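Tertiary structure, described
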Amino acid sequence: SRSSAATASRRCRHTTAGVGPLVFVCGGLRGGNLLGDMFVMEESPGTQGLTRAEATAALAEHVDLAAPAWQRWLRDSGLIEEAAAFVSANPGLVGGGGDAGKAYAKGGGFGTPNSVGSLKFDHGSPGSADGSPENNLDAMTKLSSEEAQAAVALAKSGNVDIDSPPESHGSGKSSVHTPSPQSTAKGGNRGRGSTARKPPPSSEVRLHHRAVVVAAGSHDGGPASGLGSLVRQLSIDQFESESKRIGPDMAAFGTPMVKRMGSLDPGSMTPDGRGVLTPDHEKPDTVPRKVLNELLHPRQWEPDPGPNRGFILNADEIDELCNLAEEKFRAESTVLRLRAPTKIFGDLHGQYGDLMRLFAEYGSPSTAGDIAYIDYLFLGDYVDRGAYSLETMSLLLALKIEHPDNIHLLRGNHEEADINALFGFRIECIERLGEEEGVQAWTRFNTLFQWLPLAAVIEDRVACMHGGIGRSITHISQLEELERPLTIESGGIMLMDVLWSDPTESDRVEGLRPNARGPGLVTFGPDRVRKFCEDNDLQMIIRAHECVMDGFERFAGGLLITVFSATNYCGTANNAGAILVLGRDLKLYPKLIHPLPPSALYGGDGEDEDMDGGSWQLALNKDRPPTPPRGRAGDQKSRIDSGGTLAF
């Protein structure tokens, strides 16, 4: 059954290897149980563009179809007759997969594979009945493919060809040639176009060997007091112990800004035109100021647990906010050119409490905070999944209007109407604003989303985007040529790739592979990351899009880093959230927060994990669960290459 397949795949710190059309998943942890099983997934012939006979021939290039273990798998998969016919017709071609067959044989029994999306899953593996709780992610389709199915349907409705080989893709759906690195850039804010290759940089971008970690202290005073915490610096290779409580409450020590300003919230004062610090209540009464006055209180904000909660803005005010922000985005390039120092945020997904915690612990974008000397870059996915998408999006837009040269927002895959209509944002707008005004506000937000930039390059060395380079993006100038406003139809395969693609399962899986999220989406290997960096004179790619257990994760020997800022994603992942701070010295400093109890995120007493707190989003996430997180960093035995990348 599909639930058996889902249970078998629900694990962390497991090993995944891709061999031709097959993916092997072995071992790992589920809860406190060490698993010793293996299961195999086969890409469906339709996705490969092959007939069943051709797929069997491709399979024979990698495994020994005559080996007993593979005979057993073929029999359970319903492929034994095709395999027997191939073996009879091609006796000299059989036998290339002995090692894989032996590896399979150690894994124990396999049930009948079930066709789910683009993959076939075996199930009933030895570790699937270990007494672990029922997986509310309901099989691999609901672990990863709900969003992918919506994306593929959207691409097909826009006549985007997502099945042709990568070399056939140009810019969008037109026949524009693939630009070279020497193509003239459009520039951007703080930008400059350049037609000559840059000399080697004087210093290299590198990940600092220690990360700052914040864990919530133990309080009885409610969510607000629960933000007091102990701050530690840990080696980035020592995170396996960080799921434990790391110490007593140290709230009395505070931060330097809090100590200087007493009880004044770091987000409550901003400069006037002369650079003088002015209380917010004395600023002009505009919609952006209203949002900042009401929402930018990192140490004082508390969730509203009420079932009939409204919002501080009505539809007309949201329209005004979007109009002002859209002016700022229209003036920017599709690819921003930024300078260090910069704070880089990953997915937020409406988890406004996490955004406030990150501001409180690591600096707030106000003059009372650190906006005067550091930029903020957000990599997309501001809405959906969480219960406070309206707060998250409205605050970021107000900050963009207030600090247009210091606040930068990129587009994520959820900044698309056909996606956020399904995964919570539209429902939230209607629930909180009413049917008519809710639809009006949701429509206006999505019109604005089409103007968001797609990428940023910091100090000519670090490329930042939401998803990745996929199959079609070889040079950053390709993205610069895309003209906004962008829809999936006008952006084509390139927009799909930059918003939806992921790295492969590990540094050992190179090239382009099918994406476990669903058919039509791809993953890209470390070889493509290295090539992209070489061709664009870059030293690193920073992207978001995937929940990672420690909030950040390295790939391609450290050439690519994934960052995810929402903790305990969808209330199920129990992951940390992180930001990355790129200093003037081009060192990259990870800064983490750990999950808070549900009562601190959604209000109420948190005793009923189902729905008593009025969090309708929790039910939606059960129906449309997220992509499962990658494994936790730090287990030295799980490292697979000298660069320290994990097998997960």
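Right above here is the structure, for reference.
First, a word on what this report is: a plain description of the structure on this page. Just so it is clear, the structure is predicted and the values come from calculations on it, not from any experiment. (Residues numbered from 1 in each chain as written. Predicted model: local features only at pLDDT ≥ 70, side-chain atom pairs only at ≥ 80, totals over all residues. Heavy atoms only, no water.)

**Re the overall build of the chain**
Threshold: Each helix is a run of H or I in the DSSP string that is no shorter than four residues. Each strand is a run of E no shorter than two, and both are numbered from the N terminus. Only protein chains enter the area calculation, which uses a 1.4 Å probe; residues under 20% of their type maximum are buried, those over 50% are exposed, and those in between are partly exposed. The contact rule is simple, with two residues in contact once any of their heavy atoms fall within 4.5 Å. Only the protein chains shown count as cover for residues, and all accessible areas are computed by the Shrake-Rupley method using a 1.4 Å probe.
For the chain, the helix and strand inventory stands at 20 helices and 24 strands. Here the chain holds 648 residues, and 59% of them are scored as buried. Summarising the internal contacts of the chain: among those between residues at least 6 apart in sequence, 71% fall at separations of at least 24. Put simply, the chain shows about 24500 Å² of open surface, and 50% of that area lies on carbon and sulfur atoms.

**Things to note about the side chain of glutamine 351**
By the element assignment, glutamine 351 lies in the loop between strand 12 (342-345) and helix 11 (352-362). Sequence-distant contacts of glutamine 351, defined by excluding residues within four places in its chain, comprise Gly386, Thr392, Ala566, Thr567, Asn568, Tyr569 and Cys570.

**As for the packing of helix 10 (residues 315-330) against helix 15 (residues 435-449)**
Which entries qualify depends on this criterion: Axes here mean lines fitted to C-alpha atoms, for a helix over just the part in contact, with angles spanning 0 to 180 degrees between N-to-C directions. Under this scheme an angle from 65 to 115 degrees is roughly perpendicular, one under 35 degrees roughly parallel, and one over 145 degrees roughly antiparallel; angles in between are oblique. Under the scheme applied here, ten amino acids are nonpolar (Ala, Val, Leu, Ile, Met, Phe, Trp, Tyr, Cys and Pro), four are charged (Asp, Glu, Lys and Arg), and all others, including Gly, are polar.
Remark: helix 10 packs on helix 15, axes separated minimally by 9 Å, with the N-to-C direction vectors making an angle of 0°. Put simply, helix 10 runs roughly parallel to helix 15. Counted together, Ala315, Asp316, Ile318, Asp319, Cys322, Asn323, Ala325, Glu326 and Phe329 of helix 10 and Glu437, Gln440, Ala441, Arg444, Phe445, Thr447 and Leu448 of helix 15 form the full contact between these two elements. Here the residues of the contact of helix 10 with helix 15 are counted per class, giving eight nonpolar, three polar and five charged.

**What to know about the pairing of strand 22 (residues 560-563)**
Rules: A pair of strands is treated as paired once DSSP finds two or more bridges between them.
Where burial is concerned, the two faces of strand 22 agree: the one with Leu560 and Thr562 and the one with Ile561 and Val563 are both buried. Looking at chain direction, strand 20 (residues 540-543) and strand 22 are connected through three bridges and run parallel. When the bridges of strand 22 are listed, isoleucine 542 appears paired with isoleucine 561. Two elements, strand 21 (residues 552-555) and strand 22, share four bridges in a ladder whose sense is antiparallel. When the sheet's bridge partners are listed, phenylalanine 552 is paired in strand 22 with valine 563. Between strand 21 and strand 22, which pair antiparallel in sequence order, lie four residues; one of them, alanine 556, sits at a positive phi of approximately 55°.

**Details of the pairing of strand 12**
Convention followed: Whether a crossover is right-handed depends on one test, that the path from the first strand over the helix to the second runs clockwise when the strands point away from the viewer.
Every second residue of strand 12 is oriented toward a common face, with Thr342 and Ile344 on one face and Lys343 and Phe345 on the other, all of them buried. Summarising the sheet, strand 12 and strand 23 (residues 577-582) pair through four bridges and their orientation is antiparallel. Residue pairing across strands places isoleucine 344 opposite leucine 580, the latter belonging to strand 23. Of the strand pairs in this sheet, strand 12 and strand 13 (residues 375-378) are connected by four bridges, and their pairing is parallel. Within the sheet, the bridge partner assigned to isoleucine 344 lies in strand 13 and is leucine 377. Crossover handedness for the path strand 12 to helix 11 to strand 13: right-handed.

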